[in-house]
Amino acid sequence: MNRDLEYMFVQCARVWIPDVDEVWKSAELVKDYNNGDQSLQLMLEDGTKLEHKLDPKTKNLPHLRNPDILVGENDLTALSYLHEPAVLHNLKVRFIDSKLIYTYCGIVLVAINPYENLPIYSTDIINAYSGQNMGDMDPHIFAVAEEAYKQMARDERNQSIIVSGESGAGKTVSAKYAMRYFATVSGSASEANIEEKVLASNPIMEAIGNAKTTRNDNSSRFGKYIEIGFDNRYRIIGANMRTYLLEKSRVVFQADDERNYHIFYQLCASAHLPELKVLKLGHASDFLYTRQGRNPVIDGVDDTKELSTTRNAFTLLGINESYQMGLFQVLAAILHLGNVEIKDRDSDSSLIAPNNSHLTSFCELVGVSYQDMSQWLCHRRLKTATETYIKTLPRLQATNARDALSKHIYAKLFNWIVEHVNKALIANVKQHSFIGVLDIYGFETFDINSFEQFCINYANEKLQQQFNMHVFKLEQEEYMKEQIPWTLIDFYDNQPCINLIEAKMGILDLLDEECKMPKGSDDSWAQKLYNTHLKTCSLFEKPRMSNRAFIIQHFADKVEYQCEGFLEKNKDTVNEDQINVLKASKFNLLVELFQDEEKAISPTGQVPGTGGRTRLSVKPDKSRDKSSKEHKKTVGCQFRNSLQMLMDTLNATTPHYVRCIKPNDFKQAFTFDPKRAVQQLRACGVLETIRISAAGFPSRWTYQEFFSRYRVLMKQKDVLPDKKLTCRNVLEKLVQDQDKYQFGKTKIFFRAGQVAYLEKLRADKLRAACIRIQKTIRCWLARKKYLRQRKAAITIQRFTRGYQARCLAKFLRRTQAATIIQKYQRMYVERKRYKQKQAVALAMQRILRAYMARQKYLALVREAKVVIIQKRVRGWLARCWYKRCLRSIVYLQCCIRRMRARRELKKLKIEARSVEHFKKLNKGMENKIMQLQRKIDEQNKENRLVNERLVSIESSYTAESEKMRSELNRLHGVEEDAKNKANQLSTLLEELERLKKELTTTQQEKRTIEDWAQNYKAEMEKMVSELKDQNGSLKKEKDDLNRLIQEQSQQMTEKMARAIAQETQQLETDLNEERSRYQNLLSEHLRLEEKYDDLKEEISTHISKPGHRRTDSTHSSNESEYTYNSEYTDMDNSSRTREDVTRGLDTTLTLKLQKRLTELEQEKQSLRDELENKEEQYQRARARDDAEFKKARGAELEYESLKRQELESENKKLKHDLAEMRQSLLGDKSANMGAPGSPAYKVLLDQLNASCEELDVRKEEVLILRSQLVSQKEAFHHKETMTEPSVFAQDVSKLKDADELKQAYVGLKDTNRSAAPDIHKLNEDGELWLVNQGLKETIRLLEQQLQTQRRSHDNEVESLRGELQSVKEENNRQQQLLAQNLQLPPEARIEASLQHEITRLTNENLDLMEQLEKQDRTIRKLKKQLKVYSKRIGEMGAGQTEGQTSPGQMVEEPIHPVNIPRREKDFQGMLEYKKEDEMKLVKNLILELKPRGVAVNLIPGLPAYILFMCLRHADYVNDDQKVRTLLTSTINSIKKILKVCLCTQCLSNILVCVTYFFLCNKYYFFFPQKRGDDFETVSFWLANTCRFLHCLKQYSGDEAFMKHNSVRQNEHCLSNFDLAEYRQVISDLAIQIYQQLVKCMDNILLPMIVPGMLEHETIQGVSGVKPTGLRKRTSSIADEGIYTLDSILRQLSAFHSTMCQHGMDPELIKQVVKQQFYIIGAATLNNLLLRKDMCSWSKGMQIRYNVSQLEEWLRDKGLMGCGAKETLEPLIQAAQLLQVKKKTDEDAEAICSMCQALTTAQIVKVLNLYTPVNEFEERVSVAFIRTIQTRLRDRSDSPHLLMDTKMIYPVTFPFNPSSLALETIQIPSSLNLSFLTRV
């Protein structure tokens, strides 16, 4: 081994050495191997050194390891070294590191069970693999299925997919996915949904044939071969199933941790259901047959739900509920039968207890007699030649008989279900071909192997033989096709082993013979085997320690079989009396199960090969006269015959192999056990395939691939124009041994290891080139570094020298400066010393002089003061002398005066005494003096008489009276003086006391005031400081509030903007989803219509009678009540007869289609309503968001207002306190004159005034803040609702102009008057009097209508007056509110007034807008009616004038012509046609109009304009029938054109597929022109349909669509009909056309995308071609004819120019381009995710370059803003992901932040698929991928791996009015529309 590769065993070469734990371990050579060495010096990967001894006999070297770039290849045959360790390592790397479970091994697909659900089986994956070559994509079960399907269609040969493997390896799942692929890709040929039925058979067969084992939770315990039938169009028409070797023993026995068949546990879990109560079931642990495994539950499996799935599958396959309940009764009866307890009666007999509940339940369920069944369970009938007798059975035999009956019943039930499944899947039409899927057990070996393992391994021997022959045949065909010499390859032939088993006197033959012996036993059979084969066959061995076992050397391994039980299992006997009891059952289903018992081939009823169909089973003998011996075939004989039939079937088909591998025995996800894996690889034939390939030329390269890969090994002179000759010359130089390679016609064949050798040469060459490049670059870098250093050194020297020179100059300057400084310093010091001395002298002089002056001054002052003192003393002495003299004089005077006073006093006292007596007498009379005076006067009158008597007395007393009176007066004066003096004295005393008290009080108050003033000053100072602090804090708070308000406003604005944006985005997304659903339903509706039409056409082909029939209009147009079919119809008897016949052919199908169409129409209507509701919800949500934003903003403003009010109230309070303090101080000032005038008081008042001023400033700031808030609130409130009142006022004034109609009417009358002379000229004799009368009547009618309008206008005026009155009332109410507001505070008053005013203005504006719109519509409608009537009057007059002639007019008289040229110039933009010309119009303008030729030279959208002009005329003449027929004919004709295009496209696709089947990769070069024609046609009619839709909107009269119209265009609006419903129908038609346009683009672009975007090397030399295996894909080098990026760009340019040429709307073109780029991005990314060979660094560079070219194309076309670039974002990020660094955590973080458009599954998939193309690249580590998964764990994205290439963005048709005037359009003669007349 490997002796021919000794030159490869050099130092650092890596090899594989055997290992006990890991099977194979990698090591590296420490030193070179030399011929003759006995050992190799190796070093393991962990650094351990090892000496590997070579076998001294064989001298075989260990296996070499493949280069790293070959590890992980899709195909194992691509490996340079093909051997077991290489295969095992490649599978492990793909499975563990890349999470890839599929790998090719030549023609075999190796599938490793991941024990985890993977997202690689969805419908998009199926679509991705559909139509692809097997080597184009990564390995997959879908690729094998596609290959089988393609070969069936291409080679007209049946196919088979053989799925094998151990239990738990995933065979059933693989077979299921293969069937699912066929069902999805091929579809069904009828409406019976046969593909669904084929898939529905899987849950049924899994329920009755699968069970849990120790190795698998869903292990198939039988083999099956399913034939899926196809018709001649390769659509599924039916299926058939054959089963093999059901494991019946599992019904009665299960090992630990295993289960019985799933159906039993499903029934037990669903026993609580009402319909299953009659089965009397319970928990699975209650029954013997379901509790032996002691684990009745499977984690993650809901048996109740599984039963529901099984029942649904039964229903889908036509097994009704009654039959299902019957099946469940039989299954429940089996469980009850297993619980029947059989007891010993004695040693030879047994019995069943009477009234056994389980036996009773069994008998009730199956409808048999309790006595009979209990009798024959414990007894047995024996027949002899002469008599029959009954024998009792021991308990053990009775129990075995009971179990045998259970197994027999279950086998019968199994066969019955298979038979009915086949009946449900049977084909109704002739089968053209089929694909068989074989799901059969793999090679098995256990500790104890019995009859079942023997049959299984026998079947695998046969399959392995067929596999070896097929592989050998393929190798031989490949060599012969390439015309290279080859020798016979030696491969293992297992025919001897097969002969040992099935030949005459083989194991099976001896077993059957022993079964026929009366006393045959397992021991005697074993002895016969020993005697027959032990010495004659080397493959047969006898164990040393056993005489009841034998060993067979199978192709995979030696297996020891235990003979015990072989005979019993081969016979498979059952008690016939028990069978007879069951046959007599009253249960019909049970009788049906056993009714063919007499015809059964096997006495057991288990016919492994029947499968429920006679033609697929082992044929029974039809003759009833044959002996019973021929009927009673053993199980082994039956299995051999059915296996032979299977092999015949497989040999007649093309096989495809799937080998399933179980990676570990613990069912752990992505855990690889090398021992178990290599054991299965040896057993399943994969290593045999490798060995056969390695024996020849396993590595194969095309010449182009070899040239591209190994171009680096060639010199320039070696490259010749002929690449084949170049490769030949290079190989002869590189590989000297000619036997190492062979040159074929198209490929070069290499022996094993040669590719690795070439890779080594290539790597060495690249390494040498890298070293040279590194050397050159390092030299260049070193030189650059040297030059930089030299330049830097020179620069440093220059700067250093300059620095030194500057330092010297600086030193010199400093020296000179120091000298100067010293000079000046010394001068300064001396000058300073002099100045100091001078100052000291001057100071001393000044002090001395001052001292002398002061002394002199003091002397003068002293003298002056002495003089003053002397003066004052002398004065004081004089004053003292004067005062003493004066005092003496005064004293002397006083003494004299005292003496005189005493004397006078005495006199006065005497007088006083008399006065006092008088006072006493007159005491109390002072008040009566006046009375006395009055009395005196009275007495004087009385005493007049006595006056005379008293005269004498009076005269005597006169003197005395006068004297007394004077004395009295004097006394009175004295008394008054005394009183005054006394009073003055007391007053002075009181005043003195008061003044003393006041002085004391004032002093105290002064002290108190001073203390209070000091305290108050301190308090005021403290309060002022506090106020200052508070003002500062208020100012700061105000600033904070301003900033907070701004921040909150900004945040609120941003928040609301984000919320509105998010809500808008969400609503837009919902709206797009609804649009997408609606458009998908339209597409489905169209598809069903086409299918319905196809079925009608297909039915009509069976009828020979010609003619046409009318179809329902609902199938030809979209839900418009005006639409109807415009086809030519012939309503004769023959058409009616044909309709009846058609209905009779397939009434059910027609009804189903009609029902489906009705449902779709209803669903479409509901979706349309839902779409409208969504739009309304969007508008309401937007309004609600605005209201919420306003509300939130209002709440915020209210909060700020409250805060502001609190601050203002606090400021007011502080100001009030200050005012009170000021008043108190002023009061104190009035009370105390001294204290307030103090300086402290003034300071305090100044501080208080400053504080008041500061508070006023704060108040102004608060007011400014408030005004800003109010203005902001007003601005926000009026942002969207306020409008300019003046505009509405002007409009209202226009609205109230009632003379407008009158002016129009007057204008009309003037027009009629102006036309009158012409009429008289035409009618000189008065022949048109009747016409004039008609005109007058018309005018009267118009006047009446105008009067009506005037009255309605007056009513409106009255209503407006009423509204004015209401406005006045509202004004009064507002005034009342204003009065109420005046009572509010100023701030609240302003806010309330603003709110009221805003509300009033808003309501006023809304009302005025509504009235304005209403009046505008009314006036517009009246204007239209006036114009129409005027036109009709004119036409009537003109028509009658032209059609009549005056009776009296002579022929010779001249006729005055009408001014026709003037009137023809004024066209109205209408086209008139006759009703019978409608079909001609549709035919010439739609059906026969081609986009190319005539249509190209037309005005863009001319057909749409012509149709609309015709429609305008129909509207003008008010012909509703004409409008309906024209629109319906137009819609149906466009649909017919599109249907023809679709049929042409389908035909083109069929031809392409046929060509594809024969020419593989060249298929897409056929019929490109036809597809282009289809695109042009669809694009042309999409543009015209949109233009027609825009015309219907533009001229509809709706104000929303008339904004951009000219005055003339507004005059052309439709006047009589509202075509809104037809606009919706045409919009739906446009959507259908758009979808068909997208499909056309898909068909053209999809074949180009992958070759152009991925495979073609736009940048030559960047990518390298890696070695490929047997499943080779096409070359990725640019060959002739392959699509390139330029092809895609040219096609995109062609699309764009075509759409622009057809006049398609720019917005619609943008949507089309966006859809194109989405298709390109999605298809490229999907292919990238499914191709490991494309995930490399160089391919990422190619993709990014290609994307940049696409972006450049967008830039050139001005389409960068259409959103097309964003659709490529996933592809761009995938390309970046291929190129970024993928090692550290920072790289992982960068990847997570970069790949936002990719899902987690896509990112992980790309990282897993990343493959180095060269040895210099590194793989992505598993730890890094796990880091990425951890970081992306919280990301919520789609679980789908692939993008949906069928997804179509919902299309919208924005209104695009045309500026083209209809009256200027000219109709070209090439359209053949001469029957149209311009109006």
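Use the structure listed above.
Please read all numbers here as calculations on a predicted model, not as lab measurements.

A.B. asks: Help me out: how do you make sense of the sheet that holds strand E12 (residues 236-244) in this one?
C.D. replies: The mixed open sheet is built from seven strands, whose spatial order is E6-E7-E21-E8-E17-E11-E12. Whereas interior strands pair on both sides, the edge strands pair on one side only; in this sheet they are strand E6 (102-105) and E12. Across this sheet, the average inter-strand angle for adjacent strands is 20 degrees, counted without regard to direction. Where strand E8 (residues 159-165) and strand E17 (residues 433-439) come together, five bridges link them in parallel fashion.

A.B. asks: Could you clarify how one ought to interpret the environment of Gly367 in this entry?
C.D. replies: Take Gly367: it is sitting in the loop between helix H10 (357-366) and helix H11 (370-378). Spatially, the C-alpha atom of Gly367 lies 5.1 Å from that of Ser585, the residues being 218 residues apart in sequence. When neighbours within four sequence positions are excluded, Gly367 is seen to be in contact with Ser585, Lys586 and Phe587.

A.B. asks: I'm lost on the packing of helix H1 (residues 84-97) against helix H22 (residues 674-684) in this one. Help?
C.D. replies: Axis separation between H1 and H22 bottoms out at 11 Å; the angle between their running directions is 120 degrees. Taken together, the axes of H1 and H22 are oblique relative to one another. In the crossing of H1 with H22, the sense of the turn from one axis to the other is right-handed. On H22, the residues touching Glu84, Val87, Leu88 and Leu91 of H1 are Pro674, Ala677, Val678, Leu681 and Arg682. A class-by-class count of the residues in the contact of H1 with H22 yields seven nonpolar, no polar and two charged.

A.B. asks: Looking at this model, I keep getting lost on the pairing of strand E20 (residues 558-562). Mind explaining?
C.D. replies: Within a regular strand, the side chains alternate between the two sheet faces. Side chains Val559 and Tyr561 of E20 all project onto a buried face; the interleaved residues Lys558, Glu560 and Gln562 project onto a face where none is buried. In terms of strand pairing, strand E19 (residues 549-553) meets E20 through five bridges, oriented antiparallel. Bridge assignment links Ala549 to a residue of E20, and that residue is Gln562. Where E19 folds back on E20, the antiparallel hairpin that results is connected by four residues.

A.B. asks: Any chance you could explain a nonpolar patch on the surface here in plain terms?
C.D. replies: On the surface, a nonpolar cluster with roughly 410 Å² of combined accessible area is contributed by Ile773, Ile777, Trp780 and Leu781. Assignment of secondary structure puts Ile777 in helix H26 (residues 754-921). Among the residues examined, Ile777 registers a relative accessible area of 41% and is labelled partly exposed.

A.B. asks: How should I be thinking about the pattern of salt bridges in this particular structure?
C.D. replies: Opposite charge on two side chains lets them pair, provided their charged atoms get close. In this structure the tally under the stated criterion is 50 salt bridges. Across the pair Glu452 and Lys569 runs a salt bridge, and its minimum N-O distance is 3.1 Å. You can see Glu452 sitting in helix H13 (residues 451-482) and its partner Lys569 sitting in helix H17 (residues 566-571), a full 117 residues away along the chain.

A.B. asks: So what exactly am I meant to see when it comes to the sheet that holds strand E18 (residues 540-541) here?
C.D. replies: Backbone-to-backbone hydrogen bonds join strands into a sheet, with any given pair of strands oriented parallel or antiparallel. Taken in spatial order, the three strands make up an open sheet running E18-E19-E20, and their pairing is antiparallel. Edge positions in the open sheet fall to E18 and E20, since each of these has one partner strand only. Inspection of the sheet shows E18 paired to E19 by two bridges, in the antiparallel sense. Note that in E19 the partner of Glu541 across the bridge is Ile551.

A.B. asks: Honestly, a negative patch on the surface in this entry has me stumped. Any pointers?
C.D. replies: Side chains of Glu1363, Asp1407, Glu1410, Glu1413 and Glu1599 sit close together on the surface and give a patch of like negative charge. Ranked by residue count, the leading element in the negative patch is helix H35 (residues 1386-1443), at three residues. Within the secondary structure, Asp1407 is located in helix H35. Asp1407 gets classed as partly exposed once you look at its relative accessible area, which sits at 41%.

A.B. asks: Looking at this structure, how should I read the nonpolar core?
C.D. replies: The nonpolar side chains of a soluble globular protein tend to be buried with one another. Membership of the largest hydrophobic core comes to 323 residues, with the highest contact counts inside it found for Phe182, Phe362 and Phe550. Those residues in contact with Phe362 that lie beyond four places of it in its chain are Ala333, His336, Leu337, Val368, Met373, Ile409 and Leu582. Judged by nonpolar contacts, the second largest core, of 34 residues, contains Val15, Trp701, Phe750 and Leu758.

A.B. asks: I tried to follow the side chain of His1696 on my own but got confused; where do I start?
C.D. replies: One can find His1696 in helix H43 (residues 1685-1701). Taking relative accessible area as the criterion, His1696 reaches 12% and is therefore assigned buried. Not counting the four nearest positions on each side in its chain, His1696 is found in contact with Ile1709, Trp1753, Lys1757 and Leu1759.

A.B. asks: Before we go on, may I ask you to explain unusual backbone geometry in this structure?
C.D. replies: A negative phi angle characterises most non-glycine residues, just as the trans form characterises most peptide bonds. Of note, the phi angle at Glu156 is positive, near 55 degrees, even though the residue is not glycine. Looking at the secondary structure, you find Glu156 in the loop between helix H3 (141-155) and E8. Given the relative accessible area of 48%, Glu156 is considered partly exposed. Phi is positive for Lys280, close to 55 degrees, though the residue is something other than glycine. For Lys280, the position within the fold is in the loop between helix H6 (262-269) and helix H7 (288-291).

Criteria and cut-off values
- Residues numbered from 1 in each chain as written.
- Predicted model: local features only at pLDDT ≥ 70, side-chain atom pairs only at ≥ 80, totals over all residues.
- Heavy atoms only, no water.
- Pairing = 2+ DSSP bridges.
- Helix = DSSP H or I, 4+ residues; strand = E, 2+ residues; numbered from the N terminus.
- Axes fitted to C-alpha atoms, helices over the stretch in contact; angles between N-to-C directions.
- Contact = heavy atoms within 4.5 Å.
- Parallel < 35°, antiparallel > 145°, perpendicular 65-115°, else oblique.
- Left-handed = near helix turned anticlockwise from the far one by under 90°.
- Nonpolar A, V, L, I, M, F, W, Y, C, P; charged D, E, K, R; others polar.
- Buried < 20%, exposed > 50% of the residue type's maximum accessible area, 1.4 Å probe, protein only.
- Patch = residues over 30% accessible without salt bridge, like charges linked within 9 Å, V, L, I, M, F, W, Y side chains within 5 Å.
- Areas by Shrake-Rupley, 256 points an atom, 1.4 Å probe, with all protein chains shown as cover.
- Salt bridge = Lys/Arg side-chain N within 4 Å of Asp/Glu carboxyl O.
- Lys, Arg positive; Asp, Glu negative; His and termini not counted.
- Charge placed at Lys NZ, Arg CZ, Asp CG, Glu CD.
- Core = buried A, V, L, I, M, F, W, Y, C linked by side-chain atoms within 4.5 Å.

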